[in-house]
Amino acid sequence: MSNNRYFNFLAWAVIILEGCSAGKTASTTYLEKQALKTMQVIPAGVADLPRNVNKGTDKWRFVDFRDWTSGFWPGTLWYLFEATGNPQWKAAAERFTSQLAPLSRMKAIDHDLGFQVFNSYGNGYRLTGDPEYKATILRTADTLATLFNPAVGTILSWPRPVPNMEWPQHNTIMDNMINLELLFWASKNGGSKRLYDIAVSHAETTMKNHFRPDYTSYHVVVYDRNSGKKIKAVTHQGYADDSMWARGQSWAIYGFTMCYRETRKPEFLDFVQKVADVYLDRLPADLVPYWDFNAPGIPNEPRDASAAAITASALLELSTYVTDPAKAKNYRKKATRMLAELSSSRYLSNGENSAFLLHSTGHKPNGTEIDASINYADYYFIEALLRLKKLDAGKPLPAPL
C-alpha cells in the first residue's frame, strides 16, 4: 500500500472509530494504537494469546492454542494487515497463527475449530495464498467433520461432560453455526463434497430444532445420539431456557447469513431475516443489547458489545442479499448505527485497557467475563468496520468461496 493510501485509511479510521469531525486526525488509528499496546504486554511463553480484560483491571488474561477463542487475536491482526498494508501486522499475524497448527493434527476436543483455525489460517490464506495455510485448513476441516453424527444431522459441539447436557447424549450449540464456514470453504478448495453436505445438514437441522415459534433461539439442543430425537432445548449461557440470549441470537444471524452465501438456498435467506428482525425489534434505543434480552434487572443488566459487533458485521452482509430495497437499507442503517455506538466513548476502551471495546459479557451464569473486554468482540468489530468501508466505497463483499 502506498503511503498516501495508508494515511487515507488512517484518517478514515480515526473519523469512523472515534466519531471525530473531519478536522480531527491522528498519526495512527485507534485500532493500531490499541493493538500495539497489547503487543507490548504479551508474555514470553506458550500461553500468550490475549483473551479478555476483566472489569476493574487493565491486565489481559492470556490463553494457549487450545482455548476456543485462540483464533480471534491472530484473526484481528490479519484484519489490521488487510486494513493498513503495514507489514508489521502481517509478521505479527503469522507469528500467532503458527501457534494454532497443532489443532489440525490432534483429535477434535470440541466444535470450535472454525473459530480457531478459519479466523487465523483462513484470513491468512485469503490475504497471502500460502499453500501451507491451505493444507492446515483442509486438515482441520476433516478433523471437525469427525464430530458429525449422521443419526442426528449435526456436529457434536461438546464431546465431553457438560452440566445439564445429558452426557453422553449428543449436544449442539448455536455457536457451532459459525464453524460451518470452515467446512464450506474446504469443500470448495480441495476437500470432500461430504464437508458441504455436513454443513448443510447441520444448518437445516438447527433451523428446525433450535428456534421457538417467534424465531428466538435456544443456546443448546440435546439429541438422542442414536435415534436423533430431540430431547430438550436449553440456554446454557443465557438467563433462562425460554430467554433470548443476545450472543446466541447474534451467532444465528451471522451463521445463517453465511450459509445463504455459501449455498444460495432461499430458505436460509428467508429464515435469517426472521431471526434478525426479532433481534432488531427488541433492542434498546442505542442498539447494543443487554447480555440477555429477558434478563430480569434491565436496565441495570450488563450489555454485550460482542453481540452488537457480531450482528453489525452480519447485517452488513445480509443487506447485500435481501431483495427488498427498503429492508436492505434498514439492515445497513442499523448496522452502521451499531458501529457508531460501539465507536463512541461509551464503548471504546481508550485509556482503560488496550482492547478495542469495553462492555462485553461472556458467561454471566458462570460469573465469568462480565462487563469485560473480550477478543471476539474486537475481532467482529474490526471485521464489521472493514465491511462497512468496502460497502461505502461501492466495493462488493467477498463472493461465495
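Everything that follows concerns the structure shown earlier in this document.
Here, residues in each chain are numbered from 1, in the same order as that chain's written sequence. Note on the predicted model: pLDDT of at least 70 is required for a residue's local features to be given, and 80 or more for side-chain atom pairs to be given and counted; whole-chain, interface and lining totals, by contrast, use all residues. Heavy atoms throughout the structure, all of them, feed into the side-chain values; hydrogens and water do not.

Peer 1: Honestly, the pairing of strand β5 (residues 170-173) in this entry has me stumped. Any pointers?
Peer 2: Moving residue by residue along a regular strand, the side chains alternate between the two faces of the sheet. Exposure classes here rest on a 1.4 Å probe applied to the protein chains alone. A residue is buried below 20% of its type maximum, exposed above 50%, and partly exposed in between. Strands are runs of DSSP state E lasting at least 2 residues, helices are runs of H or I lasting at least 4, and numbering of each runs from the N terminus. By the alternation rule, side chains of β5 split into His-170 and Thr-172 and Asn-171 and Ile-173, which are all buried. Judged from the four bridges that link them, β5 and strand β6 (residues 220-223) form a sheet pairing that is antiparallel. Bridge pairing links Ile-173 to Val-220 in β6. Pairing between two strands requires that DSSP report at least two bridges joining them.

Peer 1: Mind showing me how you'd approach the environment of Asn-86 here?
Peer 2: Mapped onto the elements of the fold, Asn-86 is located in the loop between α3 (72-84) and α4 (87-98). Along the chain, Asn-86 and Leu-397 lie 311 residues apart, while their C-alpha atoms are 22 Å from each other. Side-chain atoms alone can form a polar contact between residues adjacent in sequence; in general such a contact is a pair of N or O atoms within 3.5 Å, and within protein one must be able to donate a hydrogen while the other accepts it. A distance of 3.0 Å separates the side chain of Asn-86 from the backbone nitrogen of Gln-88, its partner in a polar contact.

Peer 1: Would you mind showing me how to read the side chain of Asn-171 here?
Peer 2: Relative to the helices and strands, Asn-171 is located in strand β5. Engagement of the side chain of Asn-171 in a polar contact is seen with the backbone nitrogen of Trp-158, the distance being 2.9 Å.

Peer 1: Is there a simple way to think about the packing of aromatic side chains in this case?
Peer 2: In this description, an aromatic ring pair is defined by two values, namely the gap between the centres and the angle between the planes. Under the pairing criterion, centres of Phe, Tyr and Trp rings, with the six-membered ring standing for Trp, must be within 6.5 Å; the plane angle then separates stacked pairs below 30 degrees from edge-to-face pairs above 60, leaving the rest tilted. Counted according to the given criterion, the structure contains 26 aromatic pairs. Taking 6.0 Å as the distance between ring centres and 55 degrees as the angle between the ring planes, the aromatic pair formed by Phe-256 and Phe-268 counts as tilted. Of this pair, Phe-256 sits in helix α9 (residues 246-263) while Phe-268 sits in helix α10 (residues 266-281), placing them 12 residues apart in sequence. Phe-268 carries the same exposure label as Phe-256, and that label is buried. Grouping aromatic residues by their ring pairs yields a cluster made of Trp-68, Phe-72, Tyr-79, Phe-115, Trp-251, Tyr-254, Tyr-376, Tyr-379 and Tyr-380. Note that Arg-212 overlies the ring of Tyr-218, its terminal NZ or CZ placed 4.1 Å from the centroid. The rule is short: NZ of Lys or CZ of Arg within 6 Å of the ring centre and within 35 degrees of the ring normal puts a charge over the ring. In this structure, Arg-303 is placed above the aromatic ring of Tyr-290, and the distance from its NZ or CZ to the ring centre is 4.2 Å.

Peer 1: Quick question: what am I supposed to make of the environment of Lys-265 here?
Peer 2: Along the chain, Lys-265 falls in the loop between α9 and α10. On a C-alpha basis, the gap between Lys-265 and Val-200 in space is 9.7 Å, while along the polypeptide they are 65 residues apart. The residues touching Lys-265, leaving out its near neighbours within four places in the chain, are Val-200, Glu-204 and Tyr-260. Here a residue-residue contact requires only that any non-hydrogen atoms of the pair lie within 4.5 Å.

Peer 1: Which parts of the structure should I look at to understand the pattern of salt bridges?
Peer 2: Criterion for a salt bridge: a side-chain nitrogen of Lys or Arg within 4 Å of a carboxyl oxygen of Asp or Glu. In total, this model carries 25 salt bridges according to the counting rule given. For Asp-58, the salt bridge identified is with Lys-59, shortest N-O distance 3.9 Å. Assessed through its relative accessible area of 44%, Asp-58 is described here as partly exposed. Note that Arg-126 and Glu-82 form a salt bridge whose closest N and O atoms lie 2.9 Å from each other. Highlighted residues: Arg-126 in helix α5 (residues 113-128) and Glu-82 in helix α3, separated in sequence by 44 residues. In this structure Arg-126 comes out as partly exposed when scored by relative accessible area, which is 39%. Classification of Glu-82 by relative accessible area gives partly exposed; the value is 23%. Through salt bridges with shared partners, one network takes in Glu-181, Lys-188, Arg-261, Glu-262, Glu-317 and Arg-387.

Peer 1: Would you mind showing me how to read empty space enclosed by the protein here?
Peer 2: Remark: the empty space left among the atoms is shown by a probe the size of a water molecule rolled over them. A cavity, in this analysis, means grid points on a 1 Å lattice covering only the protein atoms where a 1.4 Å probe fits yet has no way out; a pocket is instead an open set bounded by protein on both sides within 12 Å along at least five of seven lines, and a residue lines either one if it has an atom within 4 Å of a point. Grid points are joined across faces, edges and corners, and a volume is the space filled by probe spheres set on the points. In total, this model carries two cavities of 30 Å³ or more according to the counting rule given. Every residue lining the largest cavity is counted, 13 residues in all, and those nearest its centre are Trp-60, Trp-73, Thr-76, Asn-375 and Asp-378. Mapped onto the lining of the largest cavity, the elements with two or more residues apiece are α2 (30-41), α3 and α13 (375-392). Residues that form the lining of the largest cavity fall into these classes: seven nonpolar, five polar and one charged. By volume, the second largest cavity amounts to about 40 Å³. Looking at the second largest cavity, the residues that line it are Leu-103, Met-106, Lys-107, Ala-108, Ile-109, Asp-110, Leu-113 and Gln-116. When the residues that make up the lining of the second largest cavity are grouped by side-chain class, the tally is five nonpolar, one polar and two charged. The classification used treats Ala, Val, Leu, Ile, Met, Phe, Trp, Tyr, Cys and Pro as nonpolar, Asp, Glu, Lys and Arg as charged, and all other residues, Gly among them, as polar.

Peer 1: Could you clarify how one ought to interpret the sheet that holds β6 in this entry?
Peer 2: Strand-to-strand pairing in sheets goes through backbone hydrogen bonds, with the strands running parallel or antiparallel. Reading across from one edge, β5-β6-β7 is the order of the three strands in this open sheet, with antiparallel pairing throughout. Of all strands in the sheet, those bounded by a partner on one side alone are β5 and β7 (230-234). Neighbour to neighbour, the strand axes of the sheet diverge by 20 degrees on average, direction disregarded. Where β6 meets β7, four bridges bridge the pair, whose relative direction is antiparallel. What sits directly across from Val-220, in β7, is Val-234. For helices, the axis comes from a line fit to the C-alpha atoms of the stretch in contact; other axes are also lines fit to C-alpha atoms, and the angle between any two N-to-C directions lies between 0 and 180 degrees. Taken strand by strand, helix α8 (residues 193-209) contacts β5, β6 and β7, and its axis lies near 100 degrees from that of β6.

Peer 1: I would appreciate a short explanation of the pairing of strand β1 (residues 49-53) in the present structure.
Peer 2: Within β1, five of the five residues are buried, which leaves it mostly tucked inside the rest of the structure. Taken together, the four bridges between β1 and strand β2 (residues 60-63) define a ladder with antiparallel strand orientation. Within the sheet, the bridge partner assigned to Leu-49 lies in β2 and is Val-63. In textbook terms, the turn of a hairpin is the stretch between consecutive antiparallel strands, and for β1 and β2 this stretch comprises six residues, one of which, Gly-56, has a positive phi near 90 degrees.

Peer 1: Help me understand the packing of helix α7 (residues 176-187) against α9, please; the structure alone is not making it clear to me.
Peer 2: Packing of α7 against α9 brings their axes to within 8 Å, and their N-to-C directions diverge by 25 degrees. Classified by the angle between their axes, α7 and α9 sit roughly parallel to one another. You can see that α7 and α9 cross each other, and the crossing is left-handed. In contact with Met-177, Ile-178, Leu-180, Glu-181 and Phe-184 of α7, α9 contributes Trp-251, Tyr-254, Gly-255, Phe-256, Met-258, Cys-259, Arg-261, Glu-262 and Thr-263. Class assignment of the residues belonging to the contact of α7 with α9 gives a composition of nine nonpolar, two polar and three charged. An angle below 35 degrees is treated as roughly parallel, one above 145 as roughly antiparallel, one from 65 to 115 as roughly perpendicular, and anything else as oblique. Here a crossing is taken to be left-handed if its near helix is turned anticlockwise relative to the far helix by less than a right angle, and right-handed if that turn runs clockwise.

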